[in-house]
Amino acid sequence: MKTKISLFLISLLCSPFLLAEPHLKSLKIAVTNPTGENRSAENIVLSVSELRKIAPDFYAGSQIVTATDATTIAEDALVLHATELPSQIDDLNGDFKPAELAFQIDLKPHQTRIVTITWGPPDRIFRLRGDYEPQTNAIFTKKIDGMGWESKRDSFRLYFDKRNAIDLYGKPRPSLQLERYATPGYIYHNYSPDGRDIYLVADALGIGAPGAWVNGTAQHVSDVDNRSWRIISTGPVRAIVEFDYQGWKIAGKSVNLRVRATQWAGERGFLQTASSSDAGDLVLATGLTQQQGIPELRSGAGEDPAWLAMWGEQAVEGGNKATSPILKGTNLGLAIVMAPGSGASQNQDAKDYLFTFPLKNGSASWYSLAAWDQEGTNDPVAVPGAREPREYVARVAGIDNITSQDALVAYVKDVASRMKSPATVKILSTASELQSAPPDTLHPIGSRSYKQAIELLQQEIDRTAGKWEPVLSASQSTGTHAGAGFFTDGSNQTGEWQTQKGFFWTGGFWTAELWKMYARTHDEKYRRWAELWTSRMVGSESEQNHDTGFLYFYSSVPGFELTHDPKLHESALRGADHLVQMYNPVTQLIPAWKQNGDDTIIDTMMNLQLLWWASRETGDAKYREVALKHALRSADWLIRSDGSVIQSVHYNPGDNPQEFDLHGGNANNERFVFPNNARPGERVFYHTHQGYSWETSWSRGTAWALYGFTVAYRESRDPRLLATAQKVADYVVAELPEDGVPWYDFYDEGVIYRNRDSSAAAIAADGLLQLAALTSDSQKARTYRTQAERITHSLIDRYLTPTYQGDNTPAGVLRHGSGTRPADGMLIYGQYYLLETLLALDAVQH
């Protein structure tokens, strides 16, 4: 045994495909809420330079940020589905180099969450990454007298002239509105359903504009030699704008001042940081414009951070003499929260309620916010079947709008708490890493022989047949979707199969296992079991879809070949005839679900096996002709130039449909309206049921293609099918992860869903082994066989129970199959194809 293993490893290391560089890499971060309060959308900023100290190849700008509720890396490795968080890379100083990575994350009280930052080639990342809707914006235009910045909550603007005050636009509808306000001719003082100017600054500072405290008044940044502006970033996470004032003449000084404002997605306010290297002892000021009849609200003595707020009807005319309300019966909350430790003092002058404060180490920060009680009161919500916005409904009131002074104060205190105790961030990784394979596969007991693995599978077969034979026998009738006794999905831990109704599309794999064991052992119990389960499927051939091939090639065909039972021969031919009847000569394809259907899936390549068998068995060329045409059209439509595979193609079957069925991708089974101008027999669109997306490569579908085109070449000897099989095989080999067991989708690589698919691995190993025997190129043949053995050894050592010391799962369970993400468990087809592969490898050894 040791000699065989060493030779296997030597041949493995010689493979040119084995050590392919992984496409995607990652870092793990722990983000912790240090407080006992909920923190929704906590703002997180990471330095790109700090990340690159750990991972020099970090590809800023081509990254995905995901999070789980795990608190440790070990727990994180067990999570099957990570949540994607919109993220943003910002260049802060205009040198076109990434400086910061920003995102937001929800945190429960004292919660730690593991965040994964994944990067790689754009061709990979942007097939996986969501299209993040813009949540912030910034513009500079004379139409609004300067700079504007916004979230969907509200918009602010700075009068970029001698006034240098901050104004506000309110929004009943969550949206980005600055571009509309900047439209020539548009009057933003007029009410619209989306929002309007709801605040007039007059000659005061407005909402948190910077100034200086000189001779008992707040002086605006007005007398300057030069003022300039810059929009640093906008996007799904935050907007950052910056203002430079050169030669500000104030208090007998000439001061250079820079102010940066940052507005985060979903927030009612923005953080400002003022910095200067030559301000000396200049005292700065900021605050809120006084309004008649609206008192100031202040933080308590010694409270840090200090805050200032106002609540009430705002007035058209700013200042303490204002009397006319802008919108009768509506209230506006305003607030300033100083940064912790700012040393700010409460103050006021004739126009503003103020904070005055020094620059500490050359800078000072404060947060300004506004909360209008009309937020979200005209928020349109789509309803099922709505085709356009006029058919939506609108909320009667905002979901979380602030409608009272008490609510405003609570919100302000929450902002103050976030500023005082922000989330802590710890980089856990010491180098860039790959997403881990399932933890229970990482410490195998040792290396098994093929015979030992077959014996483990045999134990599982015996155990399953013994338990389920009484169930099947007691079932009055069994059909595709009725009766008990068949199964598809099982548990990784217990090895128990889930009950299901009928034999589904998978019943043939269980019967195939039984027929294989009968052929190997000649033990009559396997024949008895195989005949029992096969008998429940016979007679339903014409009721099936394209999966007729899966059902009867793996039940009636092996049953007939081992027993020569004419009933099984007739069953298999009825199944083949049914596939021929489904075939559409217009598209030259067998549709997936019904005769004259509008789509075909890559799985059907496997179902052609029944047609190839029927052609050989009967000598009738019609079966071969249908199979060949289907295979060639599938090669053309479902295999990309790089060998990756599309799961489903929809087409015009000849009746020019304008609605389509999205099987597997539509929980409500609603018809999908899609304008179709394609000619009869031409493609309309692609689709996936189980892969990450239509433009990725679902690993089991890719394995179906590898196996199916290999068989198609063996049966037809058409060189086009050999070229297709090899193209898919080369893609599979190049994309395999370190242990040879693919992710459920070759592109995902554990970024969004952490599912490996052992069933895809078993099918691919089987296909590679068969292709190796058909390939005349000796180097390719050696590579395919070596990779088939590599995958199989990984499956039987790491994924087939027991896999580690103390593993209490019953023997022979092939763990970590993924039928449809994020499901994770044993699969009947994974069990079967591993058995088929092992029997072939073991036969060669003997």
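Counting restarts for each chain, with residues numbered from 1 along the sequence as it is written. The predicted origin of the model limits local features to residues at a pLDDT of at least 70 and limits the giving and counting of side-chain atom pairs to 80 or more, whereas totals for whole chains, interfaces and linings rest on all residues. In computing side-chain values, all of the structure's heavy atoms are included and hydrogens and water are not.

Visitor: Could you give me a rundown of the overall build of the protein chain, with the residues and numbers involved?
Guide: Secondary structure assignment for the protein chain yields 19 helices and 35 strands. For the C-alpha atoms alone, the extent of the protein chain along its principal axes is close to 105 × 60 × 50 Å. Burial statistics for the protein chain: of 846 residues in total, 58% are counted as buried. Values of accessible area rely on a 1.4 Å probe in the Shrake-Rupley scheme; residue burial ignores everything except the protein chains shown. Surface exposure of the protein chain reaches about 33,200 Å², of which carbon and sulfur atoms provide 51%. Only DSSP runs of H or I reaching four residues or more are called helices, and only runs of E reaching two or more are called strands; each is numbered from the N terminus. Between buried and exposed lies partly exposed: a residue is buried under 20% and exposed over 50% of the maximum accessible area for its type, with that area taken using a 1.4 Å probe on protein chains only.

Visitor: If you had to explain the sheet that holds strand β19 (residues 283-289) to someone new, which residues and values would you point to?
Guide: Between any two strands, pairing holds if DSSP finds at least two bridges. Taken together, five strands build an open sheet; the order of strands is β14-β13-β19-β24-β23 and the sheet is antiparallel. In this open sheet, the two strands that pair with only one neighbour each are β14 (217-220) and β23 (345-348). Ignoring strand direction, the axes of neighbouring strands in this sheet form an average angle of 45°. Strand direction decides the pairing type here: strand β13 (residues 211-214) and β19, joined by two bridges, are antiparallel. Axis lines are fitted through C-alpha atoms, for helices just across the contact stretch, and the angle between N-to-C directions can take any value from 0 to 180 degrees.

Visitor: Describe the sheet that holds strand β28 (residues 424-427), with residues and values.
Guide: Spatial strand order, β4-β3-β7-β1-β28: five strands in an open sheet with antiparallel pairing. The open sheet has two edge strands, β4 (83-85) and β28, and neither has a second partner. Ignoring which end each strand starts from, the neighbouring axes of this sheet average 30° apart. Where strand β3 (residues 63-68) meets β4, three bridges bridge the pair, whose relative direction is antiparallel. When the bridges of β4 are listed, A67 appears paired with T83.

Visitor: A description of the pattern of salt bridges should follow, citing residues and the corresponding values.
Guide: Any two side chains of opposite charge can pair, on the condition that their charged atoms come close. Every case where a carboxyl oxygen of Asp or Glu lies within 4 Å of a side-chain nitrogen of Lys or Arg is listed as a salt bridge. Taken as a whole and judged by the stated rule, the model has 55 salt bridges. As a salt-bridge pair, R230 and E242 come within 3.0 Å of each other at their nearest N and O atoms. Placement of the pair is R230 in strand β15 (residues 226-233) and E242 in strand β16 (residues 238-250), with a sequence separation of 12 residues. Residue E242 is classed as buried on the basis of its relative accessible area of 2%. One salt bridge in this structure joins R418 and D414, with 3.1 Å as the shortest N-O distance. Within this pair, R418 and its partner D414 are both found in helix α6 (residues 405-420), separated by four residues, close to a single helical turn.

Visitor: An account of the packing of aromatic side chains is needed here, citing residue identities and associated values.
Guide: Here the distance between the centres and the angle between the planes together describe a pair of aromatic rings. Here the aromatic set is Phe, Tyr and Trp, taking the six-membered ring for Trp, and pairing holds for ring centres within 6.5 Å; pairs whose planes are under 30 degrees apart are stacked, those over 60 apart are edge-to-face, and all others are tilted. Considering all chains together, one arrives at 44 aromatic pairs under this definition. Summarising the aromatic geometry, the rings of F509 and Y833 are spaced 5.7 Å apart at their centres and angled 55° between planes, so their arrangement reads as tilted. Here F509, found in helix α8 (residues 507-521), pairs with Y833, found in helix α19 (residues 828-845); they are 324 residues apart in sequence, far enough to count as distant. Centre to centre, the rings of Y526 and W529 are 5.7 Å apart; their planes meet at 75°, and the pair counts as edge-to-face. Here Y526 pairs with W529, and both are found in helix α9 (residues 524-535), just three residues apart, close to one helical turn. Residues Y526 and W529 agree in their burial class; the two are buried. Taken together, F504, W505, F509, F550, F553, Y554, W704, Y707, Y829, Y832 and Y833 form an aromatic cluster joined through their ring pairs. A cation sits over an aromatic face here: R124 above Y747, 4.2 Å from the ring centre. Charges are assigned to positions over rings by a cutoff of 6 Å between ring centre and Lys NZ or Arg CZ, combined with an angular limit of 35 degrees from the ring normal.

Visitor: With reference to specific residues and values, describe the pairing of strand β6 (residues 100-107).
Guide: Here β6 lies mainly inside the structure; six of its eight residues are buried. In this structure, strand β2 (residues 39-47) lies alongside β6, joined through seven bridges in antiparallel fashion. Among the inter-strand pairings, R39 is bridged to a residue of β6, identified as L107.

Visitor: Which residues make up the packing of helix α13 (residues 604-618) against helix α15 (residues 699-716), and what values do they have?
Guide: Two numbers describe how α13 lies on α15: the axes approach to 8 Å, and their chain directions differ by 20°. By the criterion of interaxial angle, the relationship of α13 to α15 is roughly parallel. Between α13 and α15 lies a crossing whose hand is left-handed. Along the contact surface, α13 presents M605, M606, Q609, W612 and R616, while α15 presents W704, Y707, G708, F709, V711, A712, E715 and S716. Amino acids outside the nonpolar list (Ala, Val, Leu, Ile, Met, Phe, Trp, Tyr, Cys, Pro) and the charged list (Asp, Glu, Lys, Arg) are all regarded as polar, and Gly is one of them. The class makeup of the residues in the contact of α13 with α15 is eight nonpolar, three polar and two charged. For classification, angles of less than 35 degrees are called roughly parallel, those exceeding 145 degrees roughly antiparallel, those between 65 and 115 degrees roughly perpendicular, and all remaining angles oblique. In this scheme the handedness of a crossing depends on how the near helix is turned from the far one: anticlockwise by less than a right angle means left-handed, clockwise means right-handed. Contacts: residue pairs with any heavy atoms within 4.5 Å of one another.

Visitor: Describe in detail the nonpolar core, supporting the description with residues and values.
Guide: The set of buried Ala, Val, Leu, Ile, Met, Phe, Trp, Tyr and Cys residues whose side-chain atoms join them within 4.5 Å is what this entry labels a nonpolar core. Core analysis: the largest hydrophobic core is formed by 128 residues, its most contacted members being F509, Y554, L611, F709 and Y833. The contact partners of F709, leaving out residues within four places of it in the chain, are I602, M605, A631, S634, A635, I639, L721, T724 and A725. Judged by nonpolar contacts, the second largest core, of 54 residues, contains I166, V259, M338 and W372.

Visitor: Explain the packing of α8 against helix α11 (residues 556-563) to me, and be specific about the residues and the numbers.
Guide: Viewed as axis vectors pointing N to C, α8 and α11 meet at an angle of 20°, and their least axial separation amounts to 9 Å. The orientation of α8 relative to α11 falls into the category roughly parallel. Remark: the crossing between α8 and α11 carries left-handed chirality. Residues W515, Y518 and A519 of α8 form the contact with α11, whose own contacting residues are P558, G559, L562 and T563. For the contact of α8 with α11, the class distribution of residues is five nonpolar, two polar and no charged.

Visitor: Any chance you could break down helix α14 (residues 621-638) for me, citing the residues and the numbers?
Guide: The terminal C-alpha atoms of α14, which comprises 18 residues, lie 25 Å apart, in line with the 26 Å expected from a rise of 1.5 Å per residue. Those residues of α14 that sit buried are Y623, V626, A627, L628, H630, A631, R633, S634, A635, W637 and L638. Each polar contact in these results corresponds to two N or O atoms within 3.5 Å; when the atoms are within protein, one needs to be able to donate a hydrogen and the other to accept it, and residues that are neighboring in sequence are counted only if both atoms are side-chain atoms. Where α14 starts, the residue carrying a side-chain oxygen 3.0 Å from the main-chain nitrogen of K622 turns out to be D620. Here the expected length of a helix is defined as 1.5 Å per residue gap, with one fewer gap than residues.

Visitor: I'd like a rundown of the side chain of Q111, residues and numbers included.
Guide: Counting through the fold element by element, Q111 comes out in the loop between β6 and β7 (112-119). Separated by 2.7 Å, the side chain of Q111 and the backbone nitrogen of K108 make a polar contact. For Q111, the contacting residues outside a window of four places in its chain are V31, T32, N33, D69 and D106.

Visitor: So what's going on with the pairing of β19? Which residues, and what values?
Guide: Along β19, six of the seven residues are buried, which leaves the element largely enclosed by surrounding structure. Two strands pair when backbone bridges link them, and β19 and strand β24 (residues 352-358) are joined in this way by seven bridges, in the antiparallel orientation. Within the sheet, the bridge partner assigned to T286 lies in β24 and is F355.

Visitor: Residues and numbers for unusual backbone geometry, please.
Guide: Cis geometry marks the peptide bond from D304 to P305, where omega comes out at 10°. Mapped onto the fold, P305 is located in the loop between β20 (296-298) and β21 (307-312). Cis geometry is adopted by the peptide bond preceding P822, which originates at R821 and carries an omega value of -5°. As for its placement among the helices and strands, P822 is situated in the loop between α18 (778-799) and β35 (826-827). The phi dihedral of D145 falls on the positive side, at around 65°, and the residue is not glycine. As for its placement among the helices and strands, D145 is situated in the loop between β8 (136-141) and β9 (146-151). A relative accessible area of 31% means that D145 is categorised as partly exposed.

Visitor: Give a description of the environment of E682 that names residues and reports values.
Guide: With respect to the element layout, E682 can be found in the loop between β33 (672-673) and β34 (683-687). Classification of E682 as partly exposed rests on a relative accessible area of 33%. Here the alpha-carbon distance between E682 and W637, two residues 45 residues apart in the chain, equals 10.0 Å. Once residues lying within four places of it in the same chain are set aside, the contact partners of E682 are W637, Y651 and N652.

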